[in-house]
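Reading the structure
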Amino acid sequence: MYNKYIKIKSFIFEIIANDKYILEINRVNKIKEENSNQICKIASEEILKYFNKEISNINIEYLLQGTDFQKMVWNALLNIPYGKTLTYKEIAILINKPKAVRAVANAISKNKLLIIIPCHRVIGSNGSLTGFRGGLDLKEHLINLEKS
């Protein structure tokens, strides 16, 4: 396993990879010892470009690790256009599981690829910013970044 840290504004991200794929992007509180590789380096460059509004989606090889249902939900998130948001209910409808709103929310909460799989683009039915593993301050920042 390899890892690299990237600090952008007040946010610190840890990128975790193997020899071929990005496995996780997590928000962390502090930078620890790194053991980086080329994949981590490319991912950190892509994340910087995203935050600098040079790109709208991070394009790097990643490995989805989860159940078939989780992967179905995560793949639906990839179809939310940059700068747009959908509700958990709209995602449930998109995957033809309109009554599975809670299961959709649970799957989204298990997303290990912050920013790459844009779970920050999913909001509550009332328009509120809810449930984001990276913290609501980061979710708000990402939504505002994409809308500006």
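Below is a short write-up of the structure.

1. Description of the sheet that holds strand E2 (residues 11-17)
- Here we have three strands laid out as an open sheet, ordered E1-E2-E3, and antiparallel in their pairing. Each having just a single partner strand, strand E1 (2-8) and strand E3 (22-28) make up the two edges of the open sheet. Adjacent strand axes in the sheet meet at a mean angle of 20 degrees when their direction is disregarded.
- Sheet analysis places E2 next to E3, joined by six bridges and oriented antiparallel. Along E3, the bridge assignment pairs Ile12 with Val28.
- Relative to the sheet, helix H1 (residues 38-51) contacts E1, E2 and E3, its axis offset from that of E1 by approximately 20 degrees.
- This element, helix H5 (residues 136-147), spans E2 and E3 of the sheet and lies at about 90 degrees to E2.

2. A closer look at unusual backbone geometry
- Positioned with a positive phi, Lys9 is a non-glycine residue whose angle comes to about 55 degrees.
- Relative to the assigned elements, Lys9 resides in the loop between E1 and E2.
- The backbone phi angle of Asn96 is positive, close to 60 degrees, even though this residue is not glycine.
- Tracing the backbone through its elements, the reader meets Asn96 in the loop between helix H3 (88-94) and helix H4 (101-109).
- Look at Asn96 and you get exposed, because its relative accessible area is 65%.

3. Considering the state of the cysteines
- Under the defined criterion, the tally for this structure stands at zero disulfides.
- Here Cys40 is not cross-linked by a disulfide; its sulfur's nearest cysteine counterpart is in Cys119, at 19 Å.
- The class for Cys40 is buried, based on a relative accessible area of 0%.

Procedures and definitions
- Residues numbered from 1 in each chain as written.
- Predicted model: local features only at pLDDT ≥ 70, side-chain atom pairs only at ≥ 80, totals over all residues.
- Heavy atoms only, no water.
- Pairing = 2+ DSSP bridges.
- Helix = DSSP H or I, 4+ residues; strand = E, 2+ residues; numbered from the N terminus.
- Axes fitted to C-alpha atoms, helices over the stretch in contact; angles between N-to-C directions.
- Contact = heavy atoms within 4.5 Å.
- Buried < 20%, exposed > 50% of the residue type's maximum accessible area, 1.4 Å probe, protein only.
- Disulfide = S-S within 2.5 Å.

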